[in-house]
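# Survey of secondary and tertiary structure
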Amino acid sequence: SASVGTGYAQAVSVSGGTSPYTWSVGSGLPGRLAINASTGAVYGTPTSAGTFTFTVTVQDSSSPKKTDSKTLSITVAAVAPTISYVTPNTLTQGTSYQNVVITGTGFTSSSYHQLSTNGGSSWSWASSAPTYNSPTSLTVAVNDTTVQTVSVRVCASNGSSVCSGSASVTITAAVAALSITTT
């Protein structure tokens, strides 16, 4: 089996005909996987999770050439992202949203985040997608209108149950404006 972000190689063999053989594959392989035209090995580092069906074709070197095709499938498992820290981890109460940067591992352009305001006993999908910065960095918007602690976690994709642990962002009360009065 294969996992997102992990190197993969699977041999495909042929019998009969005359070597050398030439291998090809039609559409359907997940991103960053390919076939070795000389050996038939399917290899690479998949970038998306799911089950993918594709057709492998082999042609021998006889005259006339013999060809055979077979439909194969590969299941690529999602890998749970991890969170190392969130910066800043303290925000001052405002009137909208403020961005925080989540640093960790295993982030992809499909990663999505969830938020919790009750210590992680229930999670809600964020209303907007994070900004994918790199495999180790996402930028997310946190609602800063209420003094509270917001927990955030990253999932492999929107709707996925493959999620990281959480990190917290604390929203602190805004300091009242300075005002001079007379008595």
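You'll find the structure just up there.
First things first, this report covers the structure right here in the doc. Starting afresh in each chain, residues are numbered from 1 along the sequence in its written order. Given that the model is predicted, a residue must reach a pLDDT of at least 70 before its local features are reported, and side-chain atom pairs must reach 80 or more before they are shown or counted; all residues, however, enter totals for whole chains, interfaces and linings. Side-chain figures throughout are based on the complete set of non-hydrogen atoms in the structure, without hydrogens or water.

### Focus: the overall build of the chain
A tally of helices and strands in the chain yields zero helices and 16 strands. Taking 183 residues into account, the globule formula puts the C-alpha radius of gyration at 16 Å, and the chain, at 25 Å, lies well above it. When burial is assessed residue by residue, the chain has 31% of its 183 residues classed as buried. Here, two residues are considered to be in contact whenever any of their heavy atoms come within 4.5 Å of each other. Long-range contacts, defined here as pairs at least 24 residues apart, represent 61% of the contacts in the chain between residues at least 6 apart. Per-residue and other accessible areas were derived by the Shrake-Rupley procedure at a 1.4 Å probe size, with only the shown protein chains allowed to occlude residues. Put simply, the chain shows about 10300 Å² of open surface, and 50% of that area lies on carbon and sulfur atoms. A run of H or I in DSSP becomes a helix once it reaches four residues, and a run of E becomes a strand once it reaches two; helices and strands are each numbered from the N terminus. The quantity called the radius of gyration is restricted to C-alpha atoms. Its globule counterpart is 2.2 Å times the number of residues to the power 0.38. Categorising residues by exposure relies on relative accessible area from a 1.4 Å probe, with only protein chains included: less than 20% of the type maximum marks a residue as buried, more than 50% marks it as exposed, and the intermediate range marks it as partly exposed.

### Re the pairing of strand 7 (residues 67–77)
Across two bridges, strand 1 (residues 2–3) lies against strand 7 in parallel orientation. Note on strand 7: the bridge partner recorded for Ser 3 is Ala 77. Across ten bridges, strand 6 (residues 50–59) lies against strand 7 in antiparallel orientation. In the strand pairing of strand 7, Val 58 is matched with Asp 68. Only strands that DSSP links by at least two bridges are regarded as paired with each other.

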